[in-house]
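Summary of the model geometry
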Amino acid sequence: MNSKFIIIPIIFVAVIGIFIVISPSEKSDILSAEMPIEAMPSKKIIQTNVNSLFKVFSYEDDFEMIDGKKIWRNAYYELDESKSAIYDELKNRKNSAVVFPIFTAAAYSEPGFYTYYRGECDESCLTMKLEEEYNPVFTSSANGLQVLGLLEYDIITDITIHRNPDILLQYEKVILLHNEYVTQEEFLAITSHPNVIYLYPNALYAEIDFDEELWEISLIRGHNYPDPLIRNGFDWKYDNSLEEYDVECNNIKFSKIDNGWMLNCYPENVLHKSKELLAQIRDF
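Parameters and conventions
- In every chain, residue numbers begin from 1 and rise along the written sequence.
- The model is predicted, so local features are restricted to residues of pLDDT at least 70 and side-chain atom pairs to those at 80 or more, both for listing and for counting; the totals for chains, interfaces and linings are taken over all residues.
- The basis for the side-chain values is all heavy atoms of the structure; hydrogens and waters are excluded.
- At least two DSSP bridges between two strands are needed for those strands to be called paired.
- Here a helix means four or more residues in a row that DSSP labels H or I, a strand means two or more in a row labelled E, and each is numbered from the N terminus.
- Only buried residues count toward a nonpolar core, which is a set of Ala, Val, Leu, Ile, Met, Phe, Trp, Tyr and Cys residues joined through side-chain atoms within 4.5 Å.
- Burial status follows relative accessibility: with a 1.4 Å probe on protein chains alone, a residue under 20% of its type maximum counts as buried, one over 50% as exposed, and anything between as partly exposed.
- By definition in these notes, contact holds between two residues if any of their heavy atoms fall within 4.5 Å.
- In what follows, a disulfide is any cysteine sulfur pair within 2.5 Å.
- The salt bridge criterion pairs a side-chain nitrogen of Lys or Arg with a carboxyl oxygen of Asp or Glu, the two atoms within 4 Å.

Right, let's get into the sheet that holds strand 9 (residues 127-129). Across the sheet, which stays open at both edges, the four strands sit in the order 9-16-15-13 with mixed pairing between neighbours. A single partner strand is all that each edge strand has here, and the edge strands are strand 9 and strand 13 (181-182). Relative to strand 16 (residues 216-221), strand 9 is paired through three bridges, and the arrangement is antiparallel. For Lys129, the partnering residue across the bridge sits in strand 16 and is Glu216.

As structure tokens, then:
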């Protein structure tokens with residue numbers, strides 16, 4: 001990891017999965033997604049890596065059935081010692097940053113933005129205090145965060161870029177996860193970088209304000225707010241949000257845009273299985 005940069009949060013594993021710990025006073029900047037797993041006596045943890053390139057652990061009852069397939073939730077990933085040659089082939093070879101979507105994780109908290117969207121709360125739910133920790137899930141790209149971290153990509157957050165937009169200039173490649181909610185400063189920094197991999201559709205969808213003194217975010221524009229006709233809050237011409245509903249990724253394809261490449265499906269359930277996809281990410 002490149003420790004010379006000043007970012008903010010730290011990350012650690014608790015039980016199954018990972019928690020993002022945020023502190024305004026933190027000076028540790030590169031996050032780590034590679035931590036040991038800890039047992040939880042009240043639930044049984046099992047290894048669930050079906051066709052995965054990694055060891056995958058989850059609670060035995062923590063899954064949902066999608067099209068007849070068992071999809072494990074809140075999975076935790078580890079390197080498999082028998083596949084070290086594969087990891088050597090797929091690991092990061094450039095000065096690259098993965099942007100973990102802290103703001104999106106906050107927006108999906110309940111009650112929050114989606115409570116408002118469902119008509120179950122007034123506009124007060126469009127301002128969210130950042131919590132001290134987040135357990136990344138499907139909507140905040142938990143699998144992508146862990147897999148790319150294990151393959152030696154630096155991991156930073158939205159807060160990093162908002163505070164210091166020029167930090168992206170020090171990276172050859174920037175990989176976005178499901179960074180749906182971003183500030184204007186972050187949007188401009190990302191869209192002006194020459195080599196961004198938009199790995200998850202629906203990135204850069206809505207503009208939020210980040211109040212550092214109050215340590216909270218507020219929705220400004222986008223996602224049908226403040227007008228129902230407004231979709232992308234930045235009027236971004238490359239918005240590909242409709243493709244986020246393809247979670248099967250049976251026809252994976254990257255498309256070239258002005259400042260990088262965009263994937264045509266939501267790869268959360270397939271990224272840890274696909275050498276081809278990870279090799280493409282490595283080579284961009």
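Now that the structure is up, let's keep going.
All right, on to the pairing of strand 15 (residues 206-211) then. Examined bridge by bridge, strand 13 and strand 15 share two bridges and lie parallel to one another. The residue of strand 15 that forms the bridge with Tyr181 is Ala206. Judged from the five bridges that link them, strand 15 and strand 16 form a sheet pairing that is antiparallel. Opposite Glu207, over in strand 16, you have Arg221 as the bridge partner. Between strand 15 and strand 16, which pair antiparallel and follow one another directly, the connecting turn spans four residues, one of which, Trp215, has a positive phi of 60 degrees.

Core analysis: the largest hydrophobic core is formed by 51 residues, its most contacted members being Phe113, Leu199 and Leu278. Of all the secondary-structure elements, those providing two or more residues to this core are helix 1 (84-90), strand 8 (96-100), helix 2 (102-107), helix 3 (113-117), helix 4 (142-150), strand 15, strand 16 and helix 7 (275-283). Contact partners of Leu199, with chain neighbours within four places excluded, come to Leu148, Ile175, Leu176, Leu177, Phe254, Leu263, Cys265, Pro267, Leu271 and Ile281. One finds Val99, Ile190, Tyr198 and Trp236 within the second-largest nonpolar core, a separate group that totals 21 residues.

Moving on: the state of the cysteines. Considering all chains together, one arrives at two disulfides under this definition. For Cys121, the disulfide goes to Cys125, at an S-S distance of 1.9 Å. On the sign convention where negative means left-handed, the S-S torsion of about 85 degrees between Cys121 and Cys125 marks this disulfide as right-handed. The partly exposed category is assigned to Cys121, whose relative accessible area is 21%. Paired by a disulfide, Cys249 and Cys265 hold their sulfur atoms 2.1 Å apart. Between Cys249 and Cys265, the S-S torsion sits near 115 degrees, and that sign places the bridge as right-handed. With Cys249 in the loop between strand 16 and strand 17 (254-257) and Cys265 in the loop between strand 18 (260-263) and helix 7, the pair connects residues that are 16 residues apart, well separated along the chain. For the pair formed by Cys249 and Cys265, the shared burial category is buried. By sequence-ordered numbering of the bonded cysteines, the protein chain has its disulfides arranged as 1-2, 3-4.

On to the pattern of salt bridges. Counted by the stated rule, this structure contains 10 salt bridges. Between Lys55 and Glu81 there is a salt bridge, and its shortest N-O distance comes to 3.0 Å. Of this pair, Lys55 sits in strand 4 (residues 55-59) while Glu81 sits in the loop between strand 7 (76-78) and helix 1, and the two are 26 residues apart along the sequence. Looking at Lys55, the relative accessible area reads 19%, which means it is buried. Glu81 sits in the exposed class, given a relative accessible area of 61%. In this structure, the salt-bridge partner of Asp258 is Lys237, at a minimum N-O distance of 3.7 Å. Taken as a pair, Asp258 in the loop between strand 17 and strand 18 and Lys237 in the loop between strand 16 and strand 17 lie far apart in primary sequence, 21 residues in all. For Lys237, a relative accessible area of 65% puts it in the exposed group. The network of salt bridges with shared partners includes Glu110, Arg118 and Glu120.

Next up on the list: the pairing of strand 18. Strand direction decides the pairing type here: strand 14 (residues 196-198) and strand 18, joined by three bridges, are parallel. Note that in strand 18 the partner of Val196 across the bridge is Gly260. Linking two consecutive strands that pair antiparallel, namely strand 17 and strand 18, is a turn of two residues.

Any functional reading would require information beyond the geometric quantities listed.
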